[in-house]
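Descriptive analysis of the structure
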Amino acid sequence: MPAPAPHKNHKVLGRLSLPERTFVADALRTETVGGVLLLAAAIAALIWANTPIRESYESVRDFHVGPAALGLDLSIEHWAADGLLAVFFFVAGIELKRELVAGDLKDPRAAALPVVAALSGMAVPALVYTLVNVTGGGSFDGWAVPTATDIAFALAVLAVIGTSLPSSLRAFLLTLAVVDDLFAILIIAVFFTENLNFAALGGAAVGLGVFWLLLRRGVRGWYVYVPLALVIWGLMYNSGVHATIAGVAMGLMLRCTTRKDEGEQRSPGERIEHLVRPLSAGLAVPLFALFSAGVAVSGGALGEVFTRPETLGVVLGLVVGKAVGIFAGTWLTARFTRASLSDDLAWPDVFAVSSLAGIGFTVSLLIGELAFAGDKALTDEVKAAVLMGSLIAAVLSGVLLKIRNAKYRRLWEDEERDEDLDGIPDIYEQDNPAYHLRMAEIHERKAAEHRRLAEVTGGASEGNDGPA
């Protein structure tokens, strides 16, 4: 009787496949640039709101524009939060769809890690916030504020501190943020929808149905989809459901698989994401930050962040809850699936990335506005807490990642090395005989050149052996 096959031990956060690595690199490149712009916009907002010209900031932020007859006479701040962020969530919807049909989330076994880590990374911050407010007698309304991760801001921090994070950790952070965005969307839809206008909601549903039908019929042309998307967005806003849900729904409808029989190199979803992502990362999110992050900051206000239960809960949720939740979720997944961490990484690396996920800027600011919509003073204090918590998380993760940066740089150089200059990193060609034959030819040419130089320099030395 043959012996039973041993259990195959798979690796957590192992090396990505080449196509997945290429996609992640392209996506993160745009997000990094957008993150730097986001950081600049947040700093500009804080300066604008804390100088003698702060009245002009409030005037611009509170200025109303839009057709009142359509229920869209909104302030600039609301246009940024409800309108521009719909573009951000549209891209998030496409990312999620791609992960579900062609990425890590397609395989249930591979999906377990980012899903469990993301859920733990949302549940623990909410629990930390709740515990702080139970003991401090604060409001529970803000429990969802520290649950979100801002991938663009996190990547901006990586760009600023110059950490050569391996692609596997970057991909983990990106997938984690995609799942995080999904559950943040569900939180907004379920917990921050009060009065429904069923006529407008029905109209939005019909519009989404038309959008889906046009996609299935293969209709092309931005002049068809952009006006339809604006109508769907307007109806969704008037329905009482947060308007960003419209962006997510349309993103999820796009096809994110390629049709090889038709010669497709990229799916429609990937093409549209490639076009819209720069608009989202480079314009929509920074403008939202500009009109949402401008809160008055003073020594007294910062002191209150650590004394008021609502704001302290947000800070601790982001800094402690995110790091502990994501790390615990990752460790438990590895423990119960009998997986081992990649040989190139250590568990402190996972904790450092988990603490980086405590940067909860964009969506946390949005949820903070929704959670305390009736209290302007508390809303501003919660925004200050989001900024403070994100800053502490950024500094903490930056220090932790810098400690291991030399190791990361070696891993990154190994991933990038392409000695045969064929456009494919050498690390992905170790099982390809043609690669080794090419490398043998390269080394033989180098050896021949060294032999020639040795003969030339040797002859020159013999010619100089005579007396001076």
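Evaluated as defined, the whole model comprises 14 salt bridges. The salt bridge involving Arg-61 is made with Asp-62; its shortest N-O contact spans 3.3 Å. Each of Arg-61, Asp-62, Glu-77, Glu-369 and Lys-383 takes part in a single network of salt bridges with overlapping partners.

Taking 1.5 Å of rise per residue, the 25 residues of helix H6 (residues 167-191) would be expected to cover 36 Å, and the 35 Å separating its terminal C-alpha atoms lies within 8% of that figure. Among the 25 residues that make up H6, 19 are buried, leaving the element largely enclosed by the rest of the structure.

Once that is clear, we can look at the nonpolar core. Counting residues in hydrophobic clusters, the biggest one holds 104 residues, and the most contacted among them are Phe-89, Met-250, Val-314, Leu-356, Ile-359 and Phe-361. At 12 residues, H6 tops the list of elements feeding residues into this core. Those residues in contact with Ile-359 that sit more than four places away from it in its chain are Ala-148, Thr-149, Asp-150, Phe-153, Ala-154, Val-157, Ser-390, Ala-393 and Ala-394. By size, the runner-up hydrophobic cluster in this structure holds five residues, among which are Leu-72, Leu-74, Ala-86 and Ala-243.

Moving on, we get to the environment of Gly-34. You can see Gly-34 is positioned in helix H1 (residues 18-49). When its relative accessible area of 3% is taken as the criterion, Gly-34 is described as buried. As a C-alpha pair, Gly-34 and Leu-155 span 121 residues in sequence and 8.9 Å in three-dimensional space. If near-sequence neighbours (up to four positions away) are discounted, Gly-34 is found in contact with Ala-281 and Pro-286.

So, on to the packing of aromatic side chains. Scanning the model with the defined rule gives 10 aromatic pairs in all. Centre to centre, the rings of Phe-211 and Tyr-225 are 5.4 Å apart; their planes meet at 75 degrees, and the pair counts as edge-to-face. Here Phe-211, found in helix H7 (residues 198-216), pairs with Tyr-225, found in helix H8 (residues 222-239); they are 14 residues apart in sequence, far enough to count as distant. Considered together, Phe-211 and Tyr-225 belong to a single accessibility category, that of buried residues. Plain terms: the ring middles of Phe-327 and Phe-351 are 5.7 Å apart, the flat faces sit at 75 degrees to each other, and that makes the pair edge-to-face. One end of the pair, Phe-327, is in helix H12 (residues 309-336); the other, Phe-351, is in helix H13 (residues 347-356), with 24 residues separating them in the sequence. Take Phe-327: its relative accessible area is 23%, and that puts it in the partly exposed class.

The geometry of a pair of packed helices is captured by two quantities: the angle between their axes and the separation between those axes. Where helix H10 (residues 268-292) meets helix H14 (residues 361-371), the axes come as close as 11 Å, and the angle between the chain directions of the two elements is 50 degrees. For the element pair H10 / H14, the angle class is oblique. Remark: the crossing between H10 and H14 carries left-handed chirality. Where H10 approaches H14, its residues Val-285, Phe-288, Ala-289 and Ser-292 are matched on the opposing element by Phe-361, Thr-362, Leu-365, Leu-366 and Glu-369. Residues that form the contact of H10 with H14 fall into these classes: six nonpolar, two polar and one charged.

How each quantity is defined
Residues numbered from 1 in each chain as written. Predicted model: local features only at pLDDT ≥ 70, side-chain atom pairs only at ≥ 80, totals over all residues. Heavy atoms only, no water. Salt bridge = Lys/Arg side-chain N within 4 Å of Asp/Glu carboxyl O. Helix = DSSP H or I, 4+ residues; strand = E, 2+ residues; numbered from the N terminus. Expected span 1.5 Å × (residues − 1). Buried < 20%, exposed > 50% of the residue type's maximum accessible area, 1.4 Å probe, protein only. Core = buried A, V, L, I, M, F, W, Y, C linked by side-chain atoms within 4.5 Å. Contact = heavy atoms within 4.5 Å. Phe/Tyr/Trp six-rings, centres within 6.5 Å; stacked < 30°, edge-to-face > 60°. Axes fitted to C-alpha atoms, helices over the stretch in contact; angles between N-to-C directions. Parallel < 35°, antiparallel > 145°, perpendicular 65-115°, else oblique. Left-handed = near helix turned anticlockwise from the far one by under 90°. Nonpolar A, V, L, I, M, F, W, Y, C, P; charged D, E, K, R; others polar.

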